[in-house]
Amino acid sequence: MARTSLTREEILVAAGSLVRRHGPAALTMRGLAAELGTAVTSIYWHVGNRESLLDALVERTVEELGEITPRGRTPAARVVSVARALRRELRARPHLIALVHERGLTDRMFLPAQQALARELHAAGLRGARAARAVRAVQFLVVGYVLVERNRERAPVQRPAQEDLWHAATATKGGRAGKNGQAVQDGQDPALARALAGPLDEERLFLTSVRALVDGLLAAGRKDGG
C-alpha cells in the first residue's frame, strides 16, 4: 500500500541515498517511488521532474559542504580540521559532487570551506595574497588527495604488487658517487623498503601532508611578516 504522507525532505534524503550507493543513473522516478513506498505522482508533486530533483540534490549538497565547522585550540589545528572535514565530506558523496561539478557550481560549493580557511589563516597572521595562496594550497591538497584515493580504489589489481617491487635492495638502488667515481652504497634502509611494501594508512598520510603544508605556510608567513 502506498504511503499517504510524504515530505520533500524525505524524498531528497532517499534520492541522495540512491545516488550515493549506485550513481546518478540509478535515480529514476519509479525507482525512487519504490524506495519510498509511494506513488510516482507523489514524487512529482513534491519535487517536480527528475531534472528538478537533481537540481534540488545539488543545492542540498552545496549546503551540506557549507556546514564545515573548524575545531581546535590554535589556528593551525583549526585549518587542519577544516581540511579533514572537507576530505571526509568529498569522500562521502562522490557522485553528488560530480553532479555539482556538472552543473557549474563547484566554486560555490567550495566557498564556505575557503571562507573558514581564510578566517583561520587570518587569525594566524597571514594577509593578502599570501593568505589567498594558503587557502588554495590547502584546498588543492585536499581535492588532489581525494582524487588519488578514488583512483586507487578503482584501479585494477596491480601485478607485480607493491610488496613485490619494494625490498631492501630497492631502497638504496643507485647509491652515490664516491672518490674516483666509485659507487658508494651509503643509505641502507631496509625499514624504508618494508614500510613502502606494507599497507598504506591513508588517513595518517593525509594528516602528515596537510600538517606539513600548514606548518610551512604559517612559518613562511611569520618569517615574512604575513
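These numbers come from a predicted model, not from an experiment. (Residues numbered from 1 in each chain as written. Predicted model: local features only at pLDDT ≥ 70, side-chain atom pairs only at ≥ 80, totals over all residues. Heavy atoms only, no water.)

> Mind showing me how you'd approach the pattern of salt bridges here?
A side chain of one charge can pair with a side chain of the opposite charge when the charged atoms of the two come close. Within this structure, the stated rule accounts for 16 salt bridges. For aspartate 55, the salt bridge identified is with arginine 103, shortest N-O distance 2.8 Å. Residue aspartate 55 is found in helix 4 (residues 50-65), and its partner arginine 103 is found in the loop between helix 6 (94-102) and helix 7 (106-123); the two are separated by 48 residues along the sequence. Residue classification places arginine 103 among the partly exposed residues on the basis of a relative accessible area of 26%. Where arginine 60 meets glutamate 64, a salt bridge forms, and the shortest distance between an N and an O atom there is 3.5 Å. Residue arginine 60 and its partner glutamate 64 are located together in helix 4, separated by four residues, close to a single helical turn. Taken together, the shared-partner salt bridges in this structure form one network comprising Arg84, Arg87, Arg91, Glu149, Arg150, Glu153 and Glu203. (Salt bridge = Lys/Arg side-chain N within 4 Å of Asp/Glu carboxyl O. Helix = DSSP H or I, 4+ residues; strand = E, 2+ residues; numbered from the N terminus. Buried < 20%, exposed > 50% of the residue type's maximum accessible area, 1.4 Å probe, protein only.)

> Just to check I follow, could you spell out the packing of aromatic side chains for this structure?
By convention here, two paired aromatic rings are described through the distance between centres and the angle between planes. Under the counting rule described, the total for this entry stands at one aromatic pair. Considering the side-chain rings of tyrosine 145 and phenylalanine 206, the 5.1 Å spacing of their centres and the 65° angle between planes classify their relative orientation as edge-to-face. Of this pair, tyrosine 145 sits in helix 8 (residues 128-154) while phenylalanine 206 is found in helix 11 (residues 202-224), placing the two residues 61 residues apart along the sequence. Side by side, tyrosine 145 and phenylalanine 206 carry an identical accessibility label, which is buried. A cation over a ring is seen here: arginine 87 above phenylalanine 206, with NZ or CZ 5.0 Å from the ring centre. (Phe/Tyr/Trp six-rings, centres within 6.5 Å; stacked < 30°, edge-to-face > 60°. Lys NZ or Arg CZ within 6 Å of the ring centre and 35° of its normal.)

> For this particular structure, what's the right way to read the packing of helix 5 (residues 75-92) against helix 7?
How two helices sit against one another is set out by the angle between their axes and by the gap between those axes. Contact geometry of helix 5 with helix 7 gives a least axis separation of 8 Å together with a crossing angle of 165°. With respect to helix 7, the axis of helix 5 lies roughly antiparallel. Crossing hand, helix 5 versus helix 7: left-handed. For the pair helix 5 and helix 7, the contacting residues are Pro75, Arg78, Val79, Val82, Leu86 and Leu90 in the first and Met109, Phe110, Ala113, Ala116, Leu117, Glu120, Leu121 and Ala123 in the second. In terms of residue class, the contact of helix 5 with helix 7 is made up of twelve nonpolar, no polar and two charged. (Axes fitted to C-alpha atoms, helices over the stretch in contact; angles between N-to-C directions. Parallel < 35°, antiparallel > 145°, perpendicular 65-115°, else oblique. Left-handed = near helix turned anticlockwise from the far one by under 90°. Contact = heavy atoms within 4.5 Å. Nonpolar A, V, L, I, M, F, W, Y, C, P; charged D, E, K, R; others polar.)

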